[in-house]
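Structure assessment
The residues making up each chain are set out below.
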Amino acid sequence: MPSLSAATTAADRPPRLRPHDSWWAVGAAGLLAVLALTSCLWASAHLHPDPALHTAALFVHLASMALGFGAVLVIDYYGLLWLTGRCTLAEALTTADRLHTPVWSGLAGLVGSGALLHPDLGSALTRTKLALVLVLTLNGLQARVLARRLAGPAAIAHPEVPALRPRTLLWGAATAAVSQLCWWGAVAIGFLSSRH
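Sequence order sets the numbering: in each chain, residues are counted from 1 along the sequence as written. At least 70 in pLDDT is required for a residue's local features to be given in this predicted model, at least 80 for side-chain atom pairs to be given and counted, and no such filter applies to totals for whole chains, interfaces and linings, which use all residues. By convention in this description, side-chain values take in all heavy atoms of the structure and omit both hydrogens and water.

**Describing the overall build of the protein chain**
What counts is decided by this rule: Note on conventions: DSSP H or I runs of at least 4 residues are helices, E runs of at least 2 residues are strands, and numbering of each starts at the N terminus. Exposure was quantified through the Shrake-Rupley algorithm and a 1.4 Å probe, taking into account, for residues, occlusion by the shown protein chains and nothing else.
For the protein chain, the count of helices and strands is eight helices and zero strands. What you see in the protein chain, going N to C, is helices and strands ordered as α-α-α-α-α-α-α-α. Total accessible area on the protein chain stands at roughly 11800 Å², and carbon and sulfur atoms take up 72% of it.

**Regarding the packing of helix 5 (residues 100-114) against helix 6 (residues 124-150)**
Selection criterion: Lines fitted to the C-alpha atoms define the axes, with helices restricted to the stretch that makes contact. Angles between their N-to-C directions range from 0 to 180 degrees. Angular relationships are summarised with four words: roughly parallel below 35 degrees, roughly antiparallel beyond 145, roughly perpendicular across 65 to 115, and oblique for the angles in between. In a left-handed crossing the near helix is turned counterclockwise from the far helix by less than a right angle, and in a right-handed crossing that turn is clockwise. Working rule for contacts: check all heavy atoms of both residues, and any pair within 4.5 Å makes them a contact. Under the scheme applied here, ten amino acids are nonpolar (Ala, Val, Leu, Ile, Met, Phe, Trp, Tyr, Cys and Pro), four are charged (Asp, Glu, Lys and Arg), and all others, including Gly, are polar.
One can describe the packing of helix 5 onto helix 6 by two numbers: an axis separation of 12 Å at closest approach and a directional angle of 155°. Between helix 5 and helix 6, the crossing angle belongs to the class labelled roughly antiparallel. Between helix 5 and helix 6 the crossing geometry is left-handed. Side by side, helix 5 and helix 6 meet where Trp104, Leu107 and Val111 of the first sit next to Val133, Leu136, Thr137, Gly140 and Leu141 of the second. Tallied by class, residues from the contact of helix 5 with helix 6 come to six nonpolar, two polar and no charged.

**Topic: the UniProt feature "transmembrane region" (unreviewed entry) in the protein chain**
Threshold: UniProt positions are given in the numbering used here, feature names are shortened, and annotations may be inferred rather than shown by experiment.
The UniProt feature table records "transmembrane region" (unreviewed entry) at residues 23-44, 56-79 and 170-192. Within the segment residues 23-44, helix and strand shares are 100% and 0% respectively, and the terminal C-alpha atoms sit 31 Å apart. Helix makes up 100% of residues 170-192 and strand makes up 0%, while its end C-alpha atoms are separated by 32 Å.

**Some remarks on the packing of aromatic side chains**
Test applied: Aromatic pairing here means that ring centres of Phe, Tyr or Trp (its six-membered ring) are within 6.5 Å. Orientation follows from the plane angle: under 30 degrees is stacked, over 60 is edge-to-face, and everything else is tilted. Burial classes: relative accessible area under 20% of the type maximum marks a residue as buried, over 50% as exposed, and values in between as partly exposed (1.4 Å probe, protein chains only).
Evaluated as defined, the whole model comprises four aromatic pairs. A ring pair is formed by Trp23 and Trp171, whose centres lie 6.0 Å apart and whose planes are at 20°; its orientation type is stacked. Here Trp171 lies in helix 8 (residues 166-194) and Trp23 lies in helix 2 (residues 23-46), a separation of 148 residues in the sequence. A relative accessible area of 21% places Trp171 in the partly exposed class. Seen in terms of ring centroids, Phe69 and Trp184 are 4.9 Å apart; in terms of plane orientation they differ by 85°. Their pairing is edge-to-face. Here Phe69, found in helix 3 (residues 51-83), pairs with Trp184, found in helix 8; they are 115 residues apart in sequence, far enough to count as distant.

What follows is the structure, encoded as structure tokens:
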């Protein structure tokens, strides 16, 4: 039977990553995301949708923004609830896990519909928005590894006050900050672009 100190040490260790949560998987998914975004950029330069298709793409674009960004706001809200002691880490992580599909669906809808909106690739604002979407995508991919770290044995053993390393907490805060910066930046640029 292991000693209490050995059990404590094992509980404090970060969990083992499953193959789809590994940094190799994040790197491969990031490469696929870059290729997908590049394909959409190529399509946007070669497709010329008629007014009806443009209007439909604009609707999908706005609906996708509401879906994806709304889900991200709920995830970050639950993160704040956990930080203020108003819910457990398990509740915050369960909420985030359940909202991954709306977040990724919203982001995919934004990128796909954006290709039909004939963005002005010569505009600094458009290029900034594309950079924000790329950073947002890569940030979301690495957040999967972060979620596994947060849901480690120590968090399960002590759900009210999990023994999380300061580095992991800083990682979580940086992930949330990058996410918010990218989403709000994309919203602001979309608003400014619509006024021209």
